[in-house]
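Architecture and fold: a report
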Amino acid sequence: MNFQPLPTPPELFRRYERGELSKEQLHAAMSMHAGELIDEMIESRKNPVAAYLEQLRNRTVAARLARRHGSTQLREILTALGVIPDFPPAQLLWNAPHREVPLHCFFRTRHEPLFRIVKLKAMATRVRVVVEYGEAASPVRETILLVRDRFQRLELSTRERV
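Residues numbered from 1 in each chain as written. Predicted model: local features only at pLDDT ≥ 70, side-chain atom pairs only at ≥ 80, totals over all residues. Heavy atoms only, no water.

Let us look at the nonpolar core. Counting residues in each nonpolar core, the largest one holds 29 residues, and the members touching the most others are Leu78, Leu81, Phe115 and Ile117. Every element with two or more residues in this core is listed here: helix H3 (48-69), helix H4 (71-82), helix H5 (90-93), strand S1 (114-122), strand S2 (126-134) and strand S3 (140-148). The element best represented in this core is H4, accounting for five residues. (Core = buried A, V, L, I, M, F, W, Y, C linked by side-chain atoms within 4.5 Å. Buried < 20%, exposed > 50% of the residue type's maximum accessible area, 1.4 Å probe, protein only. Helix = DSSP H or I, 4+ residues; strand = E, 2+ residues; numbered from the N terminus.)

Below, the structure is given as structure tokens:
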């Protein structure tokens, strides 16, 4: 299982507002997103023990990263990753700026498609993050360098597969 090549909901709304999508196309794309969420809920319901263990692992990872880097900075990094063009985990990260969504919801340690932060080094003006995503058998590993722009927002500088 891998990430679906769908635009994220914020991107869909931007396209709709620019007139690139009709209302019917927007509704169809959003129903595909909703269908994926429902499929995940059904899968979790079928195997509640595995879903619970995955949730515990994700909570542990999120808590460890938040303890080391602060939850505000971690959320800022996830938000910057979520807007990278052609970055498949953006499907998970598009709502990272919403504080009502717990941080552990953005990680997938063993449940496919995976999304893990392998290494994170945050400095004042830049962040280097190594992520793994995709299938468990052969995950894609990338090193991403985010730098602060003149408004102090993180944006993509370089991205390379490892």
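We now examine H3. With 22 residues, H3 extends 31 Å from end C-alpha to end C-alpha; this agrees with the ideal 32 Å at 1.5 Å per step. Regarding H3, the residues found buried are Glu54, Asn58, Val61, Ala62, Leu65, Ala66 and His69. Buried residues in H3, looked at end-on, bunch into an arc of 130 degrees, giving them a common side. Across H3 from its buried face, at more than 90 degrees, point the exposed residues Pro48, Val49, Arg67 and Arg68. Buried residues along H3 sit against H4 and S1. Count one or two residues on from H3 and you reach Gly70, which has phi positive near 90 degrees. (Expected span 1.5 Å × (residues − 1). Arc of directions from axis to C-beta. Contact = heavy atoms within 4.5 Å.)

Another point: the environment of Arg75. Mapped onto the fold, Arg75 is located in helix H4. Its relative accessible area of 8% is what places Arg75 among the buried residues. C-alpha separation for the pair Arg75 and Pro97, spaced 22 residues apart in sequence, amounts to 6.3 Å. Look past the residues within four positions of Arg75 in its chain and what remains in contact with it is Ala96, Pro97, His98, Arg99, Val101, Pro102, Leu103 and Phe106. Within polar-contact distance, the side chain of Arg75 engages the backbone oxygen of Ala96 at 2.9 Å. (Polar contact = N/O pair within 3.5 Å; in protein donor to acceptor, adjacent residues only side chain to side chain.)

If you walk through the whole model with that rule in mind, you get two aromatic pairs. Arranged with centres 6.2 Å apart and planes meeting at 25 degrees, the rings of Phe107 and Phe115 form a pair that is stacked. In this structure Phe107 comes out as buried when scored by relative accessible area, which is 2%. (Phe/Tyr/Trp six-rings, centres within 6.5 Å; stacked < 30°, edge-to-face > 60°.)

This part covers the packing of helix H1 (residues 9-17) against helix H2 (residues 23-46). At their nearest, the axes of H1 and H2 sit 10 Å apart, and the two run at 175 degrees to each other. The angle between H1 and H2 falls in the class roughly antiparallel. Residues Pro9, Leu12, Phe13 and Tyr16 of H1 pack against Lys23, Leu26, Ala29, Met30 and His33 of H2. A breakdown of the residues in the contact of H1 with H2 according to their chemical character gives seven nonpolar, one polar and one charged. (Axes fitted to C-alpha atoms, helices over the stretch in contact; angles between N-to-C directions. Parallel < 35°, antiparallel > 145°, perpendicular 65-115°, else oblique. Nonpolar A, V, L, I, M, F, W, Y, C, P; charged D, E, K, R; others polar.)

Here the structure, examined in full by the defined rule, presents eleven salt bridges. Between Glu40 and Arg108 there is a salt bridge; the shortest N-O distance is 2.3 Å. Remark: Arg108 occurs in the loop between H5 and S1 and Glu40 occurs in helix H2; sequence separation between them is 68 residues. Overall, the relative accessible area of 7% leaves Arg108 in the buried class. (Salt bridge = Lys/Arg side-chain N within 4 Å of Asp/Glu carboxyl O.)

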